[in-house]
Amino acid sequence: MAEDRNAIGIDLGTTHSCVAVWQADHVEILVNGQGNRTTRSYVTFTDTNRLVGDEAFNQAVRFPANSVFDAKRLIGRRFSEMSVRSDIKCWPFKVIEGPEDKPMIVIRHRGEEKRFAAEDISSMVLAKMREIAENFLCSNISVINAVITVPSYFNDAQRQATIKAGELAGLNVLRILNEPTAAAIAYGIDKKAGRHKRNVMIFDWGGGTLDVSLLTIGNGVFEVKATAGDTHLGGEDLDNRLVNYCVQEFKKKYRVDIGGNSKALRRAKTECENAKKALSHSFESSIVIDCWYQGEDFYTTFTRDEFEQMNMDIFHKCMEPVKKCLEDAKMDISDVDDVVLVGGSSRIPKVQELLQEVFKGKELCRNINPDEAVAYGAAVQAAVLTGNVTGKLEDFTLLEVTPLSLGLETMEHNSSKFYMNVVIPRNSRIPVRLKTNVTTVYDNQDAVEFPIYEGESKIAKNNNFLGKFSLEGIPPAPKGVPSFAVYFDIDANGVLSVSAEDRSTGQKEEITITGDTRKRF
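What you see is a predicted model; the values in this text were computed from it and never measured.

**Q** Looking at this structure, how should I read the overall build of the protein?
**A** When helices and strands are tallied, the protein shows 13 helices and 28 strands. Relative to its length of 521 residues, the protein is compact, with a C-alpha radius of gyration of 24 Å against a globular reference of 24 Å. For the protein, the spread of C-alpha atoms along the principal axes amounts to about 80 × 55 × 50 Å. Looking at the protein as a whole, 57% of its 521 residues are labelled buried. Taking the intrachain contacts of the protein between residues at least 6 apart in sequence as the baseline, contacts between residues at least 24 apart amount to 65%. For the protein, the computed accessible surface area is about 22,300 Å², with 46% contributed by carbon and sulfur atoms. In the protein, which carries 64 positive and 73 negative side-chain charges, the distance between the mean positions of the two groups comes to 1 Å.

**Q** Honestly, the domain arrangement of the protein in this entry has me stumped. Any pointers?
**A** It is common to give the size of an interface as the accessible area that goes away when the parts come together. Each domain of the protein was delimited in the assignment, giving domain 1 (7–179 + 373–382), domain 2 (193–233 + 318–370), domain 3 (235–309) and domain 4 (404–512). Using C-alpha coordinates to define each centre, domain 2 is positioned 31 Å away from domain 3. Taken together, the contact between domain 2 and domain 3 spans 11 residues of the former and eight residues of the latter. Class assignment of the residues belonging to the side of domain 2 that touches domain 3 gives a composition of four nonpolar, five polar and two charged.

**Q** Got a minute to help me understand helix H11 (residues 319–329) in this structure?
**A** Because an α-helix completes one turn every 3.6 residues, residues spaced three or four positions apart along the sequence face the same direction. All of the buried residues in H11 are Met319, Pro321, Val322, Cys325, Leu326 and Ala329. Down the axis of H11, the sector holding all buried residues measures 160 degrees, keeping them to one side. In H11, the exposed residues that point more than 90 degrees away from the buried face are Glu320 and Glu327. Structurally, H11 contributes buried residues whose contacts are with strand S13 (198–205), strand S14 (210–218), strand S15 (221–230), helix H10 (312–317) and helix H12 (349–358).

**Q** Explanation requested: the side chain of Thr181 in the structure shown.
**A** As for its position among the elements, Thr181 is in helix H6 (residues 179–188). Not counting the four nearest positions on each side in its chain, Thr181 is found in contact with Leu215, Val224, Leu398 and Glu400.

**Q** It is not clear to me how the sheet that holds strand S21 (residues 418–424) should be interpreted in this structure. Could you clarify?
**A** Two modes of strand pairing occur in sheets, parallel and antiparallel, and in both the strands are linked by backbone hydrogen bonds. Strand order in this open sheet of four strands is S21-S20-S24-S25, and the pairing throughout is antiparallel. The open sheet is flanked by S21 and strand S25 (464–472), the only strands paired with a single partner. Each adjacent strand pair in this sheet contributes to an overall mean axis angle of 30 degrees, direction not counted. Pairing of strand S24 (residues 447–454) with S25, which is carried by eight bridges, proceeds in the antiparallel orientation. By the bridge assignment for S25, Glu449 is matched with Ser470.

**Q** What should I look at first to understand the side chain of Thr227 in this one?
**A** Structurally, the position occupied by Thr227 is in strand S15. In this structure Thr227 comes out as buried when scored by relative accessible area, which is 1%. Reaching out from Thr227, the side chain makes a polar contact with the backbone oxygen of Val212 at a distance of 3.4 Å. Among the polar contacts made by the side chain of Thr227, one reaches the side chain of Ser213 at a distance of 2.9 Å. Contact partners of Thr227, with chain neighbours within four places excluded, come to Ser152, Tyr153, Val212, Ser213, Cys325, Val401, Pro403 and Asn427.

**Q** Could you clarify how one ought to interpret the sheet that holds strand S19 (residues 397–401) in this entry?
**A** Here six strands make up an open sheet; going across it, the order is S18-S13-S14-S15-S19-S22 and the pairing mixed. A strand with exactly one partner marks an edge of an open sheet, and here the two such strands are strand S18 (338–342) and strand S22 (429–430). Bridge analysis of S13 against S18 gives five bridges, and the strand direction is parallel. When the sheet's bridge partners are listed, Phe203 is paired in S18 with Leu341.

**Q** So what exactly am I meant to see when it comes to a negative patch on the surface here?
**A** Side chains of Asp446, Glu472, Glu509 and Glu510 sit close together on the surface and give a patch of like negative charge. By the element assignment, Glu509 lies in strand S28 (residues 508–512). Glu509 gets classed as partly exposed once you look at its relative accessible area, which sits at 36%.

**Q** Explanation requested: the state of the cysteines in the structure shown.
**A** The term disulfide refers to a covalent linkage connecting the sulfur atoms of a pair of cysteines. For the structure shown, the criterion picks out zero disulfides. Of all cysteine sulfurs in the structure, the one in Cys138 sits closest to Cys18, which takes part in no disulfide; the separation is 19 Å. Judged by relative accessible area, which is 1%, Cys18 ranks as buried. Classification of Cys138 as exposed rests on a relative accessible area of 72%.

**Q** Where do I start with the packing of aromatic side chains in this structure?
**A** Two measures describe an aromatic ring pair: the distance that separates the ring centres and the angle between the ring planes. With the rule as written, the count across this model stands at 15 aromatic pairs. Measuring from centroid to centroid gives 5.1 Å for Tyr42 and Phe69, while their planes differ by 20 degrees, and the two rings are stacked. Within this pair, whereas Tyr42 is found in the loop between strand S4 (39–40) and strand S5 (43–45), its partner Phe69 is found in the loop between strand S7 (67–68) and helix H3 (82–88), the two being separated by 27 residues in sequence. Taken as a pair, Tyr42 and Phe69 share a single burial class, namely buried. Relative to Phe116, the ring of Phe45 has its centre 5.2 Å away and its plane inclined at 20 degrees; by these criteria the two rings are stacked. Residue Phe45 is found in strand S5, and its partner Phe116 is found in strand S10 (residues 112–116); the two are separated by 71 residues along the sequence. Put simply, the rings of Tyr42, Phe57, Phe69, Trp91 and Phe93 touch in pairs and so form one group of aromatic residues. Over the ring of Phe57 we find Arg40, and its NZ or CZ is 3.8 Å from the ring centre.

**Q** Sorry if this is basic, but what is going on with unusual backbone geometry here?
**A** Negative phi characterises most residues that are not glycine, and trans characterises most peptide bonds. With omega at 0 degrees, the peptide bond leading from Ile430 into Pro431 counts as cis. Phi angles above zero are rare outside glycine, and Ala24 is one such case at about 50 degrees. When you line up the elements, Ala24 lands in the loop between strand S2 (16–23) and strand S3 (26–29). For Ala24, a relative accessible area of 72% puts it in the exposed group. Positive phi is not limited to glycine here, since Asn444 has a value of about 55 degrees. For Asn444, the location among the structural elements is in the loop between strand S23 (432–438) and S24.

Reading the values: the criteria
- For every chain, the first residue of the written sequence is number 1, and numbering continues from 1 along that sequence.
- The predicted nature of this model means local features are confined to residues of pLDDT at least 70 and side-chain atom pairs, given and counted, to a pLDDT of 80 or more, with totals for whole chains, interfaces and linings taken over all residues.
- Hydrogens are left out, water is left out, and the side-chain values use all remaining heavy atoms of the structure.
- We count a stretch as a helix when DSSP gives it H or I for four or more residues in a row; a strand needs E for two or more, and each element gets its number in order from the N terminus.
- Here the globule rule reads 2.2 Å times residues to the power 0.38, and the radius of gyration is calculated from C-alpha atoms.
- Each residue is placed in one exposure class: buried if its accessible area under a 1.4 Å probe, protein chains only, is under 20% of its type's maximum, exposed if it is over 50%, and partly exposed if it falls in between.
- Pairs of residues are marked as contacts when any of their non-hydrogen atoms sit within 4.5 Å.
- Areas reported here follow the Shrake-Rupley algorithm with a probe of radius 1.4 Å; residue values treat only the protein chains shown as occluding.
- Counting rule applied: Lys, Arg positive; Asp, Glu negative; His and chain ends not counted.
- To locate a charge, take NZ of a lysine, CZ of an arginine, CG of an aspartate or CD of a glutamate.
- Per the annotation, domain bounds derive from an automatic or database assignment of domains.
- Residue polarity is assigned by list, with Asp, Glu, Lys and Arg as charged and Ala, Val, Leu, Ile, Met, Phe, Trp, Tyr, Cys and Pro as nonpolar; anything else, Gly included, falls into the polar class.
- Directions are taken from the helix axis to each C-beta atom, and the arc is the one they span.
- Two strands pair if DSSP finds at least two bridges between them.
- Axis geometry follows a simple rule: fit a line to the C-alpha atoms, using only the stretch in contact for helices, then measure angles between N-to-C directions, giving values from 0 to 180 degrees.
- Contacts described as polar in this section are N or O atom pairs within 3.5 Å, which, within protein, must combine one atom able to donate a hydrogen with one able to accept it, while residues neighboring in sequence count only if both atoms come from side chains.
- Candidate patch residues must exceed 30% relative accessible area and have no salt bridge, after which like charges are joined if within 9 Å and Val, Leu, Ile, Met, Phe, Trp or Tyr side chains if within 5 Å.
- Definition used for salt bridges: Asp or Glu carboxyl oxygen within 4 Å of a side-chain nitrogen of Lys or Arg.
- Note on disulfides: each one is a pair of cysteine sulfur atoms within 2.5 Å.
- Working definition: rings of Phe, Tyr and Trp (its six-membered ring) pair if their centres are within 6.5 Å, and the pair is stacked with planes under 30 degrees apart, edge-to-face with planes over 60 apart, and tilted otherwise.
- Ring-over charges, as used throughout, are those where CZ of Arg or NZ of Lys falls within 6 Å of the ring centre and within 35 degrees of the ring normal.

Below you can see the structure in the form of structure tokens.
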């Protein structure tokens, strides 16, 4: 029983991670060996050691090509995706195309070249979180239960890869929880919104992703109404723009392009990140890099106005999921009682200003720690899933939704065109089981294939392919006569199963989507 009760919540972030546990009717945010409540999501390979967390970040300047970060921006993605190709240009470490279009991180360690998938790097960060928890809990069990958070708009491949990372880290992943939902739990668990329901929007903008969710909270029930976001929009994009600006300014002055120098880029990234943070509470900040390249120093000053102008398109892009979330939830801005800020990037004054404009001047809620709220909520959910529901958690209920539409590629009637036949629309409450009916498209067709996709495009092939299966041995019949019932089933963990039945013969086939499903086809 002791093992079951030691369930932890982990916010696996792009730039920082955080771990928490529910004890004695409250959440404890756990500190790492350096005394920090959040830990850098970095892994650095030195000549002799592998460092993880804050230690790894501190050595990143010395070993830039061997210091890996932003693994969350790679996890579950394909090498051929535009976002991956764009990010590679900004990273000092090497990323190549691996088997099955999988991006592989390449480093040199102890004289050998080694390759890692993003989930391998994430598993090292998660193992660090586990170590922090074990030190706090004074335990060293073989497997520890955990709830791990992900952006609400992560697709199936990204979620499955995160589960795999957890398992590699020796964690029993109880649940993959959406980050804005976790933040809403942190916001509402003490208040329980009184006895009156409140509509709460969570605006969660971190280092690599943006999530927006609308929930109704009341009487201990947390009901997600809608979610939206961008899995490739975060504070890192702001850092990269500042770095690119500095590289171009250095090039103008000294006629030297240092864009391919990993050590120079690493030093610039650290200074630019510090300048960005400073501009959230100051109107001016300087970037100073001594002996940046070939003995030449670099110095520039940024005002907050200049920083905002440089990134205005990104700030406006952040408002799009807000409007989409309101639309999907069928809510007016006047229906929203609270707008809660989460994630380090939500501290940026211009973002807060634009949010207030959207909500007609409504005061934003800043009374939860934006760096710790997600881990806090994950710890609450971990406690509930392991039966630790005393005190404040006695009436706790979470009602989640699926972030992306799920369906089949189907041929239009009397046409050769294929389209996305949506079976489960986005923002459907889970668990859920829904059905569609399909038929044959030509006479005496003896087999039917069922390709499964997730996404919002009307053209199935523009969406994310999940897997496929088929029914064979169909009795001869004119096209349109056979009838097949196709069921889509999502459980509480967000795991999708799809089955099909030939109504005339009773023959059935099914598939459960896993991280390896796509590889089989």
